[in-house]
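Residues per chain, in single letters:
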Amino acid sequence: AVVSTQSTGMAFVPVINKLREFGLDPVLRMAAKKAGPVVTDNGNFVLDAKFSAPHNWDLLETKLCRTPGVVETGLFVGMADTAYFGMEDGSVEVTHRPPTVQDLSRS
């Protein structure tokens, strides 16, 4: 699976190095119909970071957001009850958020 991260253009190399320190395998997303990388409306680059093992997503989101040069991540920690991961083979992996103490107290 892949986590996308948006980086400022000047900082994408240090951000790639930091993502590697976090156990991810990042690559600069290249454009399909033009030469060079994908550039967002704000002039940022998109990094796609592959991972093979589960991570502590809360901690990873915090680390990414505290990394200089990271503008946004593709992690939406705490925003959804269900996540759908598109796999390279075309399959979809579905993950559900475990119930929290607040969820259990409401039932």
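Residues numbered from 1 in each chain as written. Predicted model: local features only at pLDDT ≥ 70, side-chain atom pairs only at ≥ 80, totals over all residues. Heavy atoms only, no water.

Asks: Teacher, can you tell me more about the nonpolar core here?
Replies: In globular proteins that are soluble, nonpolar side chains generally tend to be buried together. Membership of the largest hydrophobic core comes to 14 residues, with the highest contact counts inside it found for V15, L19, L24, L60 and L64. For this core, the secondary-structure elements that each account for two or more residues are α1 (12-21), β3 (45-50) and α2 (57-65). Per-element accounting of this core gives the leading share, three residues, to α1. (Core = buried A, V, L, I, M, F, W, Y, C linked by side-chain atoms within 4.5 Å. Buried < 20%, exposed > 50% of the residue type's maximum accessible area, 1.4 Å probe, protein only. Helix = DSSP H or I, 4+ residues; strand = E, 2+ residues; numbered from the N terminus.)

Asks: Help me understand the pattern of salt bridges, please; the structure alone is not making it clear to me.
Replies: Between side chains of opposite charge, a pair can form as their charged atoms come close. Counted by the stated rule, this structure contains four salt bridges. When the shortest N-O distance is used, the salt bridge between D48 and R29 registers 2.7 Å. Pair noted here: D48 is in strand β3 and R29 is in the loop between β2 (25-28) and β3, with a separation of 19 residues, a long-range link. R29 sits in the partly exposed class, given a relative accessible area of 31%. For D81, the salt bridge identified is with R97, shortest N-O distance 2.8 Å. Placement of the pair is D81 in the loop between β4 (70-73) and β5 (82-86) and R97 in the loop between β6 (92-96) and α3 (101-106), with a sequence separation of 16 residues. (Salt bridge = Lys/Arg side-chain N within 4 Å of Asp/Glu carboxyl O.)

Asks: How should I be thinking about the pairing of β3 in this particular structure?
Replies: Each regular strand displays side chains that alternate between the two surfaces of the sheet. With five of six residues buried, β3 is to be regarded as a mostly interior element. Pairing analysis gives four bridges linking β2 to β3, with the strands arranged antiparallel. Following the sheet pairing, L28 is matched in β3 by L47. (Pairing = 2+ DSSP bridges.)

Asks: I'm lost on α1 in this one. Help?
Replies: For an α-helix, the turn length of 3.6 residues means that residues three or four places apart are oriented alike. V15, I16 and L19 are the residues of α1 that are buried. Axial view of α1: buried residues confined to an arc of 105 degrees, hence all on one face. Packing partners of the buried residues in α1 comprise β1 (2-7), β2, β3, α2 and β4. Trailing α1 by a residue or two, G23 shows a phi angle of about 90 degrees, which is positive. (Arc of directions from axis to C-beta. Contact = heavy atoms within 4.5 Å.)

Asks: Mind showing me how you'd approach the sheet that holds β3 here?
Replies: Strand-to-strand pairing in sheets goes through backbone hydrogen bonds, with the strands running parallel or antiparallel. Read from one edge of the open sheet, four strands run β2-β3-β1-β4, paired in antiparallel fashion. Every interior strand has two partners, whereas the edge strands, β2 and β4, have only one. Within this sheet the neighbouring strands show an average axis-to-axis angle of 30 degrees, counted without direction. Pairing analysis gives three bridges linking β1 to β4, with the strands arranged antiparallel. (Axes fitted to C-alpha atoms, helices over the stretch in contact; angles between N-to-C directions.)

Asks: What exactly am I supposed to notice about the packing of aromatic side chains here?
Replies: In this description, an aromatic ring pair is defined by two values, namely the gap between the centres and the angle between the planes. For the structure on display, the rule yields two aromatic pairs. Ring centres of F12 and F45 lie 5.1 Å apart, and the angle between their planes is 70 degrees; on these two criteria the pair is classed as edge-to-face. Of the two residues, F12 sits in helix α1 while F45 sits in strand β3, which places them 33 residues apart along the sequence. With relative accessibility at 15%, the residue F45 sits in the buried group. Residues F51 and W57 carry aromatic rings whose centres are separated by 4.9 Å and whose planes lie at 70 degrees to one another, so their mutual orientation is edge-to-face. Given a relative accessible area of 26%, W57 falls into the partly exposed group. (Phe/Tyr/Trp six-rings, centres within 6.5 Å; stacked < 30°, edge-to-face > 60°.)

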